[in-house]
Amino acid sequence: MYNVSINVKTMRILSMTTATSVSVLLAACGGGTGSAQYAIDANGNLTSAAATTKLANGSTQTTTVSTTPSTSGTTTTTGTTTTTPPTTGTTTGTTTGTTTGSTTGTTTGTTTGTTTTPPTTTTPAPFGQSGSWRLTFSDEFDGTALNTARWNDTIWYEASNPTKNYAVSNGSLKIWPQRDANGRFFNRTIDTDGKYYQQYGFFEIEAKLPMGKGTWPAFWLFNHIGTRRPEIDIMEAYAGGGPNSGWSDASFRPTAYAPTVWIDAGRLAGTKTIQTGDLSSGFNKYALKWEANKQTFYFNGNEVYTLNVSMPDQKYIMLDLWYGSASGQPDSTTPTGIGNSYEIRYVRAWQPS
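In this report, we go over the structure that sits alongside the text. (Residues numbered from 1 in each chain as written. Predicted model: local features only at pLDDT ≥ 70, side-chain atom pairs only at ≥ 80, totals over all residues. Heavy atoms only, no water.)

1. Some points on the packing of aromatic side chains
Part 1 of the reasoning: Throughout the structure, instances matching the rule amount to 22 aromatic pairs.
Part 2 of the reasoning: The ring of Tyr166 is capped by Lys164, whose NZ or CZ atom sits 4.9 Å from the centre of that ring.
Part 3 of the reasoning: Seen from the ring of Phe127, Lys285 lies directly overhead, with NZ or CZ sitting 4.7 Å from the centre. (Phe/Tyr/Trp six-rings, centres within 6.5 Å; stacked < 30°, edge-to-face > 60°. Lys NZ or Arg CZ within 6 Å of the ring centre and 35° of its normal.)

2. Section: the nonpolar core
Part 1 of the reasoning: Residues Phe219, Tyr286, Leu319 and Tyr342 are the most contacted members of the largest nonpolar core, which totals 43 residues.
Part 2 of the reasoning: Each residue touching Tyr286, except ones within four places of it in the same chain, is listed here: Phe203, Glu204, Ile205, Ala207, Leu209, Phe219, Ile234, Met235, Tyr257, Leu279, Tyr298 and Phe299.
Part 3 of the reasoning: Counting residues in each nonpolar core, the second largest holds twelve residues, with Ile155, Tyr238, Ala258 and Tyr316 among its members. (Core = buried A, V, L, I, M, F, W, Y, C linked by side-chain atoms within 4.5 Å. Buried < 20%, exposed > 50% of the residue type's maximum accessible area, 1.4 Å probe, protein only. Contact = heavy atoms within 4.5 Å.)

3. Describing the sheet that holds strand β13 (residues 188–191)
One key point about sheets: their strands pair by backbone hydrogen bonds, in either a parallel or an antiparallel sense.
Part 1 of the reasoning: Spatial strand order, β13-β24-β15-β16-β18-β19: six strands in an open sheet with antiparallel pairing. Where the open sheet ends on each side, the last strands, each with one partner, are β13 and β19 (267–271). On average, adjacent strands in this sheet sit at an angle of 20 degrees to one another, irrespective of strand direction.
Part 2 of the reasoning: Inspection of the sheet shows β13 paired to strand β24 (residues 316–323) by four bridges, in the antiparallel sense. Each residue of the ladder has a partner; that of Ile190, found in β24, is Leu319. (Pairing = 2+ DSSP bridges. Helix = DSSP H or I, 4+ residues; strand = E, 2+ residues; numbered from the N terminus. Axes fitted to C-alpha atoms, helices over the stretch in contact; angles between N-to-C directions.)

4. Some thoughts on the pattern of salt bridges
Side-chain pairs of opposite charge can arise where the charged atoms are in close proximity.
Part 1 of the reasoning: Per the counting criterion, the structure on display carries eight salt bridges.
Part 2 of the reasoning: Of the charged contacts in the structure, one is a salt bridge between Asp313 and Arg228, with a shortest N-O distance of 2.8 Å. In this pair, Asp313 is assigned in the loop between β23 (302–307) and β24 and Arg228 in the loop between β15 (215–222) and β16 (231–236), connecting sequence segments 85 residues apart.
Part 3 of the reasoning: Given a relative accessible area of 18%, Asp313 falls into the buried group. (Salt bridge = Lys/Arg side-chain N within 4 Å of Asp/Glu carboxyl O.)

Structure follows, in structure tokens:
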């Protein structure tokens, strides 16, 4: 309900043509198309009017007014406007964007957009093992440099040789035979001494070994505690001794490796030579399950050696390419350079969870 004041003189002028009166009433209704009816008295005063309008949004609006003349020359008009919304229906189409607010009704259609699903991350488990395991250490070597927060590049009693013979590239750590500035082959050790230790659990690498006289790669757990040297060699391989040594063929390619446990320096708990075929021709998995009174060694997920002995000291991880022992000494026939690397794709450790 509303009240408006209309100047009588103005209304008399407007009432001279029907078109003008309709326009005024349609404007009062909010604009649109429709029709209007009105009546004036003998003095030219507007006494009543009605208009029906269809608005641009599809609504139908009806307005009625009645007037009471006043001696002051001003007519007071009282009226009512009713708006009927468009018929509720179904909208079919494609909607793209964001809608804020409250909507009542039914919409049927297609929404076009892009949904991004985050990648699924799977925590690796020990190869070939059952049960529940918690990953405690992992380096997948997917960067471009050795992570010095995890690794050292020398053993604790030696200075690091400045001749670079290791790199992290293309998803692996590579350590290769190289002569230093003095023309000598030198040992390279990559370890977690002072940065990561563990007591018991499962330890695993995937690696390809180098060939050549004198090469002696290894993967082991170790600690130097006062004068004690507890040690678990998960993999030691030799490429020396010639074709009848049992360790390598005529081209000095490693064909066997040995898991070995030392309770202390000079106190051997046990060892076994595992014949494998050429270990420089492809990647293999070397692993240990270390329990309180038992060590079980695995090659590509298969158990190859078990030793029942207590080794309670926590240990750090070592990866190295040394020379000597059963491999003999390297010489001019030993291939040098990154193409003949001890190449490790990953190092992982777990504990039972």
